[in-house]
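Here are the chains, one letter per residue:
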Amino acid sequence: MSWAFLNLKDIKNLEKKYFFKMQTREEEIYSRSTNEIFSFQIKTCEILETIQFELEKELPLEVANFFEYNLKNISKTIKISSENILKYSDSFYLISETTSAARMVFESITTLLFILKSENFKAYFDYCRKTKELDEQTLENVKSFLGHHQLSPGNNKHKIIIKKLETDISRISAYLEHLKEKLNINTYKTFPKVKARCKQLGAFWELEYLSTYSVISNHLHGNVKSMHHEILKSKNPENSLKEKYNVNQHWTWISSTLGQFLEEICEYFPMHQHVDKYIILKKAHIKSIDKLYSGSSLNLVRA
């Protein structure tokens, strides 16, 4: 067909058809790549579950249970996200779903690693003590509020809240006494926040905190500077797909941190046979991971 015989309307129609074809193809590649990323993460968690069973021989029962609980939460979060993420057509609303989940996974990973690398796992006691202190502060705030405000006579909600907090604090106090004896604790430290524990864990974790965790936290808490811009971009189908790639880089980031977590555990204890399994798994998925990490749908189409 010669372009010389086409009028402006015909050219625009052809452009629309071409754009729709390319958009459809990119959506398909995006879906495949995203599924590949989650498949990689789920299989990484399966290796970690195997490690967990072996770690039970090395860990106090309480720490082993804590490791298992958090690992199950991580696996569940990833599986739920993998089932839901492709349902979102609007990238703006996708941001809140991915950032909160990715942030939770990273926090859990750094908490576990910090505890596992602490002397005789004593950081677990500090973690439980911090939980108790937070509950105590909440209880104090609630009572202070009630002391300055009069609630309606029929409102018993505050009594339920206070009773639950007091029960939780009592249980944690008893558990802490048990841990003192079990872990041979005479002194304790303040359990560090995410930034501080990443710094103590080493250069890899500190960089991940500064370059990625803090950025997705801004999105999660509402980055007002770019909010209006993001909404406008997400309404354009072409921009929406590009934004999906950018958002899903968070899941590629979680793939990387999960792998680092696994490798450091295996090196610390050591259990090198599991690292070998992970390397084989990574090689099988690396092409899709690298494509999605590029953040460019055009790179995927050209591949």
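Everything numeric here is computed off the predicted structure, so don't read it as measured data.

Rules used throughout
- Residues numbered from 1 in each chain as written.
- Predicted model: local features only at pLDDT ≥ 70, side-chain atom pairs only at ≥ 80, totals over all residues.
- Heavy atoms only, no water.
- Helix = DSSP H or I, 4+ residues; strand = E, 2+ residues; numbered from the N terminus.
- Buried < 20%, exposed > 50% of the residue type's maximum accessible area, 1.4 Å probe, protein only.
- Contact = heavy atoms within 4.5 Å.
- Expected span 1.5 Å × (residues − 1).
- Salt bridge = Lys/Arg side-chain N within 4 Å of Asp/Glu carboxyl O.
- Core = buried A, V, L, I, M, F, W, Y, C linked by side-chain atoms within 4.5 Å.
- Phe/Tyr/Trp six-rings, centres within 6.5 Å; stacked < 30°, edge-to-face > 60°.

Trainee: Break down the overall build of the protein for me, citing the residues and quoting the values.
Mentor: Scanning the protein for helices and strands turns up 11 helices and zero strands. Ordered by position in the sequence, the α and β elements of the protein form the string α-α-α-α-α-α-α-α-α-α-α. Looking at the 303 residues of the protein, the share that counts as buried comes to 41%. A separation threshold of at least 6 residues defines the contact pool for the protein, and within that pool the share at least 24 residues apart is 82%.

Trainee: Please give an account of helix H4 (residues 123–148) that cites residues and values.
Mentor: Relative to the 38 Å expected for 26 residues at 1.5 Å per residue, H4 spans 38 Å between its end C-alpha atoms, a close match to the ideal helical length. Residues of H4 that are buried include every one of Ala 123, Tyr 124, Phe 125, Asp 126, Cys 128, Arg 129, Lys 132, Asp 135, Leu 139 and Val 142, and no others.

Trainee: So what's going on with the pattern of salt bridges? Residues and values would help.
Mentor: What the rule picks out here adds up to nine salt bridges. Between Glu 62 and Lys 182 there is a salt bridge, with the nearest N and O atoms lying 3.0 Å from each other. Taken together, the residues Glu 62 in helix H2 (residues 61–84) and Lys 182 in helix H5 (residues 157–182) connect sequence positions 120 residues apart. The buried category is assigned to Glu 62, whose relative accessible area is 9%. Since its relative accessible area comes to 42%, Lys 182 is described here as partly exposed.

Trainee: An account of the nonpolar core is requested, with residue identities and associated values reported.
Mentor: Core analysis: the biggest nonpolar cluster contains 58 residues, and Ile 51, Phe 261 and Ile 265 have the highest contact counts within it. When residues in this core are grouped by element, the largest group, 10 residues, is from helix H3 (residues 91–116). When sequence neighbours within four positions are dropped, the list of residues in contact with Ile 265 reads Leu 48, Ile 51, Leu 55, Phe 67, Leu 113, Leu 116 and Met 271.

Trainee: I'd like to hear about the packing of aromatic side chains, residue by residue, with values.
Mentor: Summed over all chains, the structure comprises 14 aromatic pairs. Ring centres of Phe 40 and Tyr 278 lie 6.0 Å apart, and the angle between their planes is 45°; this geometry places the pair in the tilted category. In this pair, Phe 40 sits in helix H1 (residues 8–55) while Tyr 278 sits in helix H10 (residues 272–293), placing the two residues 238 residues apart along the sequence. A relative accessible area of 2% places Tyr 278 in the buried class. Note on Tyr 268 and Phe 269: the rings are 5.4 Å apart at their centroids and 80° apart in plane angle, and the pair reads as edge-to-face. Of the residues examined, Phe 269 reaches a relative accessible area of 18% and is grouped as buried. In this structure an aromatic cluster arises from ring pairing among Phe 66, Phe 114, Tyr 124, Tyr 127, Tyr 175 and Phe 191.

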